[in-house]
Amino acid sequence: MKLEEAKSKYPGEWIAFVPFEEGSNPEGEVIFHIKDRHLFDKKILECDLGKLGDIYITFAGPSIPEGYAAMF
């Protein structure tokens, strides 16, 4: 599955993705996806990262919720 496919399949969720190739939209495998950030972090800590290799972590949704603004 492509990374952008995974983001559209799991909107509003945190995604742990293992890429098989490099690039802006790599082919890879979704290890797990969870809406709650704290549960996601707990699951990451429980994983055997040595077996998985590189993991790409992303949020499939807007960084700033609708109706809010950010100023840098």
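Residues numbered from 1 in each chain as written. Predicted model: local features only at pLDDT ≥ 70, side-chain atom pairs only at ≥ 80, totals over all residues. Heavy atoms only, no water.

**Structural notes on the packing of aromatic side chains**
Given two aromatic rings, their pairing is described by the distance between the two centres and the angle made by the two planes. Our working definition: Geometry of aromatic contacts follows a simple scheme: Phe, Tyr and Trp rings, the Trp one being its six-membered ring, pair when their centres are within 6.5 Å, and the pair is stacked under 30 degrees between planes, edge-to-face over 60, tilted otherwise. Going along the chain from the N terminus, every DSSP run of H or I of four or more residues is numbered as a helix, and every run of E of two or more is numbered as a strand. Three exposure classes are used, based on accessible area relative to the maximum for each residue type with a 1.4 Å probe and protein chains only: buried under 20%, partly exposed in between, and exposed over 50%. Whether a charge sits over a ring depends on NZ of Lys or CZ of Arg being within 6 Å of the ring centre and within 35 degrees of the ring normal.
In total, this model carries three aromatic pairs according to the counting rule given. Taking the centre distance of 4.9 Å and the plane angle of 45 degrees together, the rings of Trp14 and Phe59 count as tilted. Of this pair, Trp14 sits in strand β1 (residues 14–19) while Phe59 sits in strand β3 (residues 56–59), placing them 45 residues apart in sequence. Residue Trp14 is classed as buried on the basis of its relative accessible area of 18%. Relative to Phe40, the ring of Phe32 lies with its centre 5.3 Å away and its plane at 55 degrees, an arrangement referred to as tilted. Residue class for Phe32 comes out buried when judged on its relative accessible area of 8%. Ring pairing ties together the aromatic residues Trp14, Phe32, Phe40 and Phe59, which thus form one cluster. If you follow Arg37 out to its NZ or CZ, it ends over the ring of Trp14, 4.2 Å from the centre.

**Some thoughts on the nonpolar core**
Stated formally: As used in this record, nonpolar core signifies buried Ala, Val, Leu, Ile, Met, Phe, Trp, Tyr and Cys residues forming a set joined through side-chain atoms within 4.5 Å.
Within the largest apolar cluster, seven residues are counted, these being Leu3, Ala6, Tyr10, Ile15, Phe17, Val30 and Ala60. Elements that contribute at least two residues to this core include exactly α1 (3–9) and β1. Listed in part, the six residues of the second largest apolar core include Trp14, Ala16, Phe32 and Phe40.

**Brief notes about the pattern of salt bridges**
Selection criterion: Salt bridges are counted wherever a side-chain nitrogen of Lys or Arg sits within 4 Å of a carboxyl oxygen of Asp or Glu.
Here the structure, examined in full by the defined rule, presents three salt bridges. A salt bridge links Glu4 to Lys7; the nearest nitrogen and oxygen atoms lie 3.7 Å apart. One end of the pair is Glu4 and the other is Lys7, both in helix α1 and three residues apart, which spans about a single turn. Glu4 sits in the partly exposed class, given a relative accessible area of 40%. Under the relative-accessibility criterion, Lys7 is labelled partly exposed at 21%.

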